[in-house]
2 protein chains.
Amino acid sequence: MLPIGKLSAATGVKVPTIRYYEQIGLLPEPGRSEGNQRLYDRAARDRLAFIRHARDLGFPLEAIRELLSLTDVPTHSCAAADAIARRQLAEVEARIARLDSLRGELQRMISHHKGGTIAECRVIEVLGNHALCQHDHAGETGF
Amino acid sequence: MLPIGKLSAATGVKVPTIRYYEQIGLLPEPGRSEGNQRLYDRAARDRLAFIRHARDLGFPLEAIRELLSLTDVPTHSCAAADAIARRQLAEVEARIARLDSLRGELQRMISHHKGGTIAECRVIEVLGNHALCQHDHAGETGF
DNA sequence: CCTAATTCCTCCAGTGACTATAGGTTCAAG
DNA sequence: CTTGAACCTATAGTCACTGGAGGAATTAGG
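Conventions and cut-offs
Residues numbered from 1 in each chain as written. Chains lettered and ligands numbered in written order. Predicted model: local features only at pLDDT ≥ 70, side-chain atom pairs only at ≥ 80, totals over all residues. Heavy atoms only, no water. Least-squares fit on C-alpha atoms with pLDDT ≥ 70 in both. Contact = heavy atoms within 4.5 Å. Domains from an automatic or database assignment. Buried area = accessible area lost by both parts, 1.4 Å probe. Salt bridge = Lys/Arg side-chain N within 4 Å of Asp/Glu carboxyl O. Polar contact = N/O pair within 3.5 Å; in protein donor to acceptor, adjacent residues only side chain to side chain. Near = heavy atom within 4 Å. Helix = DSSP H or I, 4+ residues; strand = E, 2+ residues; numbered from the N terminus. Buried < 20%, exposed > 50% of the residue type's maximum accessible area, 1.4 Å probe, protein only. Axes fitted to C-alpha atoms, helices over the stretch in contact; angles between N-to-C directions. Parallel < 35°, antiparallel > 145°, perpendicular 65-115°, else oblique. Nonpolar A, V, L, I, M, F, W, Y, C, P; charged D, E, K, R; others polar.

Participant: In this structure, what is going on with the relation of the copies chain A and chain B? I would like to understand it.
Facilitator: Note that the two copies of the chain are related through a rotation about an axis and a translation along the same axis. Structural alignment of chain A on chain B gives an RMSD of 0.1 Å, achieved by rotating through 180° and translating 0.0 Å along the axis. Both chain copies can therefore be described as sitting about a two-fold axis. Relative to the rotation axis, the C-alpha of Ile96 of chain A is the closest in chain A, positioned 2.9 Å from it. Taken together, the interface assignments show that 100% of the residues at the interface of chain A recur at the interface of chain B, consistent with an identical surface on both copies.

Printed below as a string of structure tokens:
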């Protein structure tokens, strides 16, 4: 049985984050010691490692909640898990595409930079005058 | 002189967001009508368009604040503006690299998916067992 | 066995960049 | 002159944490 600090060290999830996950119902309330300190078993550690890994892959907590609820019924079809992963992949690909175009514009902005004063600065100029850039950046920022 | 709704339509920045920018000191307090409604001039519109464009490029508000303070002294060297843009480019490139590796792992996860029950699900399995993935995801999530 | 350092507890506030809601006022069109 | 849209302020909520205050419990060293 691990106290919260050891669990944190074992999973790489910070202590306040573990308590936060408990607070929002992503982790069940663990047992307590006589002195009221949380004690975690192996199942809790596995669950937290799962959450950590999914977070690292960019899954939002709501998707993780859904994935966890799937694992609670192991005989259920895994089509839903597959769908969540595909959604996440599409999301990641959209972000990459978006960032690629931002990179292009930033690179153009910087490569035109010749020094001098703010009044002649290409960076400031491009930011101030949208017509100077090829980018359409429709609305959502991607961040 | 534009009321806030017209300014919003002209720049693509939502009304509450404009008021928020004023609140945090990114936009100066505009003049008011007799009935206490905000009225914006051309300078305000240009400044907001600048902010909008920089936000679209992913600059955080603090960087934008700095860029705006640079434009207030047009005779100053633009090296600082260049540095901010380069920092932003580096940030964007780091995010792209990170997302590329996530994409790889998600693709592997999905391509190994064969259907069946949750108990046999590759997606769930990879998420639960870090050893099954090549990805090192060191700590920061990139999101 | 005692002390000191560390870890733990709860609660509350803050982050970034908005977004939404409630409840009221002013403006412009018909 | 009335109606409805647009405006006002203030507050709270979003996501996923992070940090601090102030105090209790545990552990390691002497």
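So, next bit.
Participant: Help me out: how do you make sense of the domain arrangement of chain A in this one?
Facilitator: Interfaces are often sized by the amount of accessible area the parts lose when they come together. All names here are of chain A. Domain annotation for chain A reports domain 1 (2–71) and domain 2 (80–132). A C-alpha centroid distance of 36 Å is found between domain 1 and domain 2. Across the contact, 8 residues belong to domain 1 and 6 residues belong to domain 2. Summing both sides of the interface, domain 1 and domain 2 together bury roughly 510 Å²; the carbon and sulfur share of this comes to 72%. Between domain 1 and domain 2 we count 1 salt bridge in total. The salt bridge partner of Arg87 is Glu66, with a shortest N-O separation of 3.8 Å. For the pair domain 1 and domain 2, the interface holds 0 residue pairs in polar contact (both at pLDDT 80 or more).

Participant: Mind showing me how you'd approach the protein's contact with DNA strand C here?
Facilitator: Lining the immediate environment of DNA strand C, one finds 18 residues, of which Gly5, Arg19 and Arg38 of chain A together with Tyr21 and Arg55 of chain B sit closest. For DNA strand C, the fraction of atoms within 4 Å of the protein that belong to sugar or phosphate moieties is 90%. One of the backbone nitrogen or oxygen atoms of Gly5 of chain A is found 2.5 Å away from a phosphate oxygen of DNA strand C. Here a phosphate oxygen of DNA strand C sits 3.1 Å away from a polar atom, N or O, in the side chain of Arg32 of chain A. Secondary structure elements with two or more residues in the surface near DNA strand C: helix 1 (4–11) of chain A together with helix 2 (15–23) of chain B.

Participant: How should the protein's contact with DNA strand D be read in this particular structure?
Facilitator: Looking at DNA strand D, there are 18 residues lining it, with Tyr21 and Arg55 of chain A together with Gly5, Arg19 and Arg38 of chain B nearest. Backbone atoms, meaning sugar plus phosphate, form 90% of the atoms of DNA strand D positioned within 4 Å of the protein. Take Arg55 of chain A: an N or O atom from its side chain is 2.8 Å from a phosphate oxygen of DNA strand D. The separation between a phosphate oxygen of DNA strand D and a polar side-chain atom of Arg32 of chain B is 3.1 Å. Elements represented by at least two residues in the surface near DNA strand D include exactly helix 2 (15–23) of chain A together with helix 1 (4–11) of chain B.

Participant: Quick question: what am I supposed to make of the pattern of salt bridges here?
Facilitator: Two side chains bearing opposite charge may form a pair once their charged atoms approach each other closely. Residues and elements named next belong to chain A. In this structure the tally under the stated criterion is 13 salt bridges over all chains. The shortest N-O distance in the salt bridge between Arg38 and Glu22 comes to 2.8 Å. Placement of the pair is Arg38 in strand 3 (residues 38–40) and Glu22 in helix 2, with a sequence separation of 16 residues. Assigned by exposure class, Arg38 and Glu22 land together as buried. Linking Arg86 and Asp82 is a salt bridge whose minimum nitrogen-to-oxygen distance equals 2.9 Å. With Arg86 and Asp82 both in helix 5 (residues 79–111), this residue pair falls 4 residues apart, about one helical turn.

Participant: Honestly, the packing of helix 1 of chain B against helix 2 of chain B in this entry has me stumped. Any pointers?
Facilitator: Helix-helix packing is described using two parameters, namely the angle between the two axes and the distance between the axes. Residue and element names in this part refer to chain B. Running from amino to carboxyl end, helix 1 crosses helix 2 at an angle of 100°, the nearest separation of the two axes being 9 Å. One element, helix 1, and the other, helix 2, form an angle in the roughly perpendicular class. Residues Ile4, Gly5, Leu7 and Ser8 of helix 1 touch helix 2, and the partners they reach there are Val15, Ile18 and Arg19. Residue classes in the contact of helix 1 with helix 2 are distributed as 4 nonpolar, 2 polar and 1 charged.

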